[in-house]
Amino acid sequence: KRRFLAELVVVTPPLSAADAQLTSPLCVGWGEADPNEGSLAQHKYFALTERPQLLEIEVDARRRRKKKRSRADGDEGDEDERVVVGANVPLLWLRVDPHLEWAARVRWTGRAEPRWSGQPEFMCREQLENDRDVASQQEAAAALATFPTHSA
């Protein structure tokens, strides 16, 4: 099985002794392309033990497309799945703390805009169109408003 690896570096401020007792694992959510459903939301919990810490997320790197086989007599036969490796980026979107379990503010590096979600425009569009979580859709819409293009 071919996998795509996304890396995310989390930098948290130093915690006092009282704060360290209240920490819980951090959830990271993402969307993967699913041939049957269109998109598939995934999540994984990470224990934050180091500062900064590298989080690695494995995503299925295969994109599946259905292809109908036709028979010699003109009838359409069974559908075959054809796997296309590397056709597109299989990671559709990425969210830090999608279940809103932490009272924390996420700041992405790269742009000064505070509403930017840290993702490219196409990932924000995928998140808005395919993630069923309302908070996620609101986050994606706010992030899309930061892009200067007409398609956003």
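Within each chain, residues carry numbers counting from 1 in the order of the written sequence. Local features in a predicted model are, by the rule used here, given only for residues with pLDDT of at least 70; side-chain atom pairs are given and counted only at 80 or more, and totals for whole chains, interfaces and linings are based on all residues. Excluding hydrogens and water, the side-chain values take into account all heavy atoms of the structure.

Draft legend 1. Looking closely at helix α3 (residues 134-144). Looking at α3, one finds that the buried residues are S136, A140, A143 and L144. Viewed end-on, α3 has its buried residues packed into an arc of 100°, placing them on one side of the element. Among the exposed residues of α3, those pointing more than 90 degrees away from its buried face are V134 and Q138. Only heavy atoms matter for contacts: two residues are in contact if any of them lie within 4.5 Å across the pair. Runs of E in the DSSP output that reach at least two residues are strands. Runs of H or I that reach at least four are helices, and both are numbered from the N terminus. Looking at the buried side of α3, the elements it contacts are β7 (91-96) and α2 (121-130). In this scheme, a residue with accessible area under 20% of its type's maximum is buried, one over 50% is exposed, and one in between is partly exposed, where area comes from a 1.4 Å probe on protein chains only. Arc, as used here, means the arc of the directions from the helix axis to the C-beta atoms.

Draft legend 2. Broad picture of the environment of P90. If you trace the backbone, P90 turns up in the loop between β6 (76-85) and β7. Counting along the chain gives 85 residues from P90 to L5, while the straight-line C-alpha distance between them is 10.0 Å.

Draft legend 3. How the structure looks around the nonpolar core. Counting residues in each nonpolar core, the largest one holds 15 residues, and the members touching the most others are L8, V28, L55 and I57. Elements supplying a minimum of two residues to this core: β1 (3-10), β2 (26-34), β4 (53-60) and β7. When near neighbours in sequence (up to four residues on either side) are disregarded, I57 contacts F4, L5, A6, V28, W30, F46 and L94. In this description, a nonpolar core means a group of buried Ala, Val, Leu, Ile, Met, Phe, Trp, Tyr and Cys residues linked to one another through side-chain atoms lying within 4.5 Å. Counting five residues, the second-largest nonpolar core is a separate cluster that includes W116, C124, A143 and L144.

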